[in-house]
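What follows is the residue order along each chain.
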Amino acid sequence: MATATLRRRTGTQTATHQGAAERQELFNRIAPVYDKLNDLFSLGLHRLWKRWSISWTGAKEGDKVLDVCCGSGDFSFRLAEKVGINGKVIGLDFSKELLQVAACRRRDQSSSKPCYNNIEFIEGDAVALPFPDSTFDAATIGYGLRNVIDRKKALEEMVRVLKPGAKLSVLDFNKSTHWLNIKIQEWMIDYVVAPVASWYGLESEYRYLKISVKEYLTGSELEKMALEAGFSVAKFHSIAGGVMGNLVATR
């Protein structure tokens, strides 16, 4: 019985590792056109949603903040403008290629915005954050938690590295239970996202988006998971007519 249990656990760990590796490779492939596609897909509205998400963190001048699943750095750059030249932003992602895009953006724009020099991009895993307990004053995850295999573990790690009273803001697609929102999301992915991605030879990569949204959590499920992970307060905000959503959780 012990041997059988060990095999089942090992098999689960292997499957989890393979799933994470596949997602890592996917984001490495889309890195060169990631920002351009985001603009096309959202008609530029993702900038507004990201500003809202960051405002919910309560990040302020001089804070040390963390951007998990930072991708090409959109949240990191906005956070740097919030915390200023006396603050610190660490952007963490598992995609080397996206981190390279982020680093290039920082290098090209830091002369005009000195606060960007306070951003540090590092490669890392959301479920094993390489930071001491109670390190950060605020944190964000933009379109990333949905792609983490063990979401509860990632949230537990965020609880660990945030200071007491600090907030985590999680922006992503909303897994709605309303039939109209579901139909709108499916139409967007099938008739806007996938065709545009196909122009760049990435149609199959962005088909993954539809699957990942279906496998994601509803707002109430996210609130429940955040509380189970150790956050004291969790509130989900439906935005963009319910197509997008933002979880705000307080350590």
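Numbering of residues begins from 1 in every chain and follows the order in which that chain's sequence is written. This being a predicted model, a pLDDT of at least 70 is required before a residue's local features are given, and a value of 80 or more before pairs of side-chain atoms are given or counted; all residues contribute to the totals for chains, interfaces and linings. Side-chain descriptors were evaluated using all non-hydrogen atoms of the structure, hydrogens and water having been removed beforehand.

Under the annotation held in an unreviewed UniProt entry, the protein chain carries the name 2-phytyl-1,4-beta-naphthoquinone methyltransferase, chloroplastic and is attributed to Phelipanche aegyptiaca. UniProt positions are given in the numbering used here, feature names are shortened, and annotations may be inferred rather than shown by experiment. UniProt's Function (unreviewed entry) comment on the protein chain is quoted here verbatim: "Involved in the biosynthesis of phylloquinone (vitamin K1). Methyltransferase required for the conversion of 2-phytyl-1,4-beta-naphthoquinol to phylloquinol." The Subcellular location (unreviewed entry) field of the UniProt record for the protein chain holds the comment "Plastid, Chloroplast".

Trainee: So, the sheet that holds strand 1 (residues 64-68): which residues are in play, and what are the values?
Mentor: A pair of strands counts as paired when DSSP detects no fewer than two bridges linking them. Elements are defined by DSSP. Helices are runs of H or I of four residues or more, strands are runs of E of two residues or more, and each kind is numbered from the N terminus. Pairing within the open sheet is mixed, and its 7 strands lie in the order 3-2-1-4-5-7-6. Two strands in the sheet have a free side with no partner beyond their single neighbour: strand 3 (119-123) and strand 6 (233-239). The mean inter-strand angle of the sheet, taken between neighbouring strand axes irrespective of direction, is 15°. One ladder, built from 7 bridges, connects strand 5 (residues 162-173) with strand 7 (residues 244-250); its direction is antiparallel. Following the sheet pairing, Asp-172 is matched in strand 7 by Gly-245. By definition, residues are in contact when any of their heavy atoms lie within 4.5 Å. Fitted lines through C-alpha atoms serve as axes, helices being fitted only where they are in contact, and the angles separating the N-to-C directions of these axes extend from 0 to 180 degrees. Contacts from helix 3 (residues 46-55) reach strand 4 (136-142), strand 5, strand 6 and strand 7, with the element oriented near 160° to strand 5. Strands strand 1, strand 4 and strand 5 of the sheet are contacted by helix 6 (residues 151-161), whose axis makes an angle of about 145° with strand 5.

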